[in-house]
Amino acid sequence: NNDGYSSNSSSSSSSNSYDGNNSNLSTPGDDFTDSEGNTYSTTVVDGLVWTTSNANHSTYRDGTPIEHITDYQEWKDATIGAWTYYAQDGTLGYGKLYNFHAINGRHDNDPNTENKVFAPQGWRVPSLANWQSLSEMFIYGNNNSGSASALKSTTGWTVFNGTNHSGLNIKPGGFIYGESSYTTANDSFLNDIENFSQTTTQFWSSTQNGYSAAYSLLVYNMEMHLHYLSGTNSHVNYSYTDINQSDIYGNSNAGNYVRLVKDAN
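Structural notes, computed from the coordinates. (Residues numbered from 1 in each chain as written. Predicted model: local features only at pLDDT ≥ 70, side-chain atom pairs only at ≥ 80, totals over all residues. Heavy atoms only, no water.)

Overview of the nonpolar core
Membership of the largest hydrophobic core comes to 34 residues, with the highest contact counts inside it found for Trp50, Leu134 and Phe138. For this core, the elements supplying multiple residues, two or more each, are strand S5 (48–51), helix H1 (72–77), helix H3 (128–137), helix H4 (145–151) and strand S10 (213–229). A total of four residues in this core trace back to one element, the largest contributor, which is S10. If sequence neighbours within four positions are ignored, Leu134 has contacts with Val45, Trp50, Leu151 and Leu168. (Core = buried A, V, L, I, M, F, W, Y, C linked by side-chain atoms within 4.5 Å. Buried < 20%, exposed > 50% of the residue type's maximum accessible area, 1.4 Å probe, protein only. Helix = DSSP H or I, 4+ residues; strand = E, 2+ residues; numbered from the N terminus. Contact = heavy atoms within 4.5 Å.)

Quick notes on the packing of aromatic side chains
This model, assessed by the stated rule, comprises 11 aromatic pairs. For the pair Phe32 and Tyr40, a centre-to-centre distance of 5.1 Å together with 15° between the ring planes defines the contact as stacked. In terms of burial, Phe32 and Tyr40 fall into one category: buried. A centroid spacing of 4.8 Å and a plane angle of 85° characterise the contact between Tyr98 and Phe118, whose relative ring orientation is edge-to-face. Here Phe118 lies in the loop between helix H2 (100–104) and H3 and Tyr98 lies in strand S8 (residues 97–98), a separation of 20 residues in the sequence. Judged by relative accessible area, which is 0%, Tyr98 ranks as buried. Taken together, the aromatic side chains of Phe32, Tyr40 and Trp123 make up a single cluster linked through ring pairs. Against the face of Trp83 rests Lys96, its NZ or CZ located 4.5 Å from the ring centre. Lying across the ring of Trp157, Lys152 places its NZ or CZ 4.2 Å from the centre. (Phe/Tyr/Trp six-rings, centres within 6.5 Å; stacked < 30°, edge-to-face > 60°. Lys NZ or Arg CZ within 6 Å of the ring centre and 35° of its normal.)

Let's talk about a negative patch on the surface
A surface patch of like charges, here negative, comprises Glu67, Asp71, Glu74 and Asp77. Relative to the assigned elements, Asp71 resides in the loop between strand S6 (67–68) and H1. Exposure remark for Asp71: the relative accessible area of 40% places this residue in the partly exposed category. (Patch = residues over 30% accessible without salt bridge, like charges linked within 9 Å, V, L, I, M, F, W, Y side chains within 5 Å. Areas by Shrake-Rupley, 256 points an atom, 1.4 Å probe, with all protein chains shown as cover. Salt bridge = Lys/Arg side-chain N within 4 Å of Asp/Glu carboxyl O. Lys, Arg positive; Asp, Glu negative; His and termini not counted. Charge placed at Lys NZ, Arg CZ, Asp CG, Glu CD.)

Concerning the sheet that holds strand S12 (residues 261–263)
One open sheet holds the four strands; their spatial order is S1-S4-S5-S12, and the pairing between them is antiparallel. Looking at which strands have only one partner, the edges of the open sheet turn out to be strand S1 (26–28) and S12. On average, adjacent strands in this sheet sit at an angle of 25° to one another, irrespective of strand direction. Relative to S5, strand S4 (residues 42–45) runs antiparallel, the two sharing four bridges. Bridge pairing links Val45 to Leu48 in S5. Across the sheet, H3 is in contact with S4, S5 and S12; its angle to S5 comes to roughly 95°. (Pairing = 2+ DSSP bridges. Axes fitted to C-alpha atoms, helices over the stretch in contact; angles between N-to-C directions.)

Thoughts on unusual backbone geometry
Although it is not a glycine, Ala87 sits at a positive phi angle of roughly 55°. Relative to the elements of secondary structure, Ala87 occurs in the loop between strand S7 (82–84) and S8. For Gln88, which is not a glycine, the phi torsion comes out positive at approximately 55°. Here Gln88 lies in the loop between S7 and S8. Judged by its relative accessible area of 26%, Gln88 falls in the partly exposed class.

Quick look at the pattern of salt bridges
Applying the stated criterion across every chain, the model contains two salt bridges. Salt-bridge contacts for Asp62 lead to Lys116; the nearest nitrogen and oxygen are separated by 2.7 Å. Of this pair, Asp62 sits in the loop between S5 and S6 while Lys116 sits in the loop between H2 and H3, placing them 54 residues apart in sequence. Between Asp263 and Arg124 there is a salt bridge, with its nearest N and O atoms 3.1 Å apart. Separated by 139 residues along the polypeptide, Asp263 in strand S12 and Arg124 in the loop between H2 and H3 bring together distant segments of the chain. Here Asp263 falls in the partly exposed class, since its relative accessible area comes to 35%. By relative accessible area, Arg124 is classed as buried at 0%.

Purely geometric numbers; function is a separate question.
Next up, the structure:
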C-alpha cells in the first residue's frame, strides 16, 4: 500500500544469484522531488523502488510541521514526532534523524486526534519484511557481510567501504541511542565521539515490536575484530548488517534515519 506508514509485503529472494561481484540485481529508477523541494534518486530492487539517500523533510504529508528538537533532554522526553541532525550539524549531508513518533505520525498528545502520514504522497516507510527481503538478496557465503557491502556506499566509511551493488548507496551517519544508559549530552546527540558517524548508521522500519520498541536495520563496521590471516593474527575491519530493536517511548527515544520505498508497478 502507499499509505506512507507500513507494508508487510516481502518479495521472494529465492531467485537470488548474487555472488558478491555482480550488480545486475538493481537498476536506477526515476528521480522524485518532495513537497519541500528535496530531490531523491532511486534504485529498483526486486520490484520495489528505494530512495538512495535519507529522508530530509520536516513536515508530514499534509504540510503539518514535524517538531525540530536540538536539546538532548527534550528529545529523550518527547511524546510527539520530532527530527534532529546528527551532532546537530545539518551540513554533514546525512539527512534528518527522526524519532518513531514521527514515523507513526503522532503530532500532538490528544488521543482523539488522527495521526498524520510521515512519507510523501505515493511513498511509505519500509516494513521489517521489506528490509529483510532486501538484505537477503545480497547475502552470500556463510554470513551477511555480503549484504552489508552491497548496501553500503563506495566511499565515506572508515576503512571498509561497500560495493553499492544494491544501489541504495548507504553512507555512515551515526544514530541516536534510545537507552539513556548509552547516551549522554556528551555522546552522539551533540558530538561525533570516536568517529562514530563514519562507522555505523541505522534506519527505521515501520514495524513495531510491542509497545516500546520498533525494528530497525543497523549497518556498521565491526572494527578491531581478531581474524587469523596467513598464519598471523591480524586486526581487520568487518562489515555487518543486523536487525535491531530501537526504543520508542518513555524517556528513551531513539533517533534513526529513514529510507522511502514504493512498489515499482
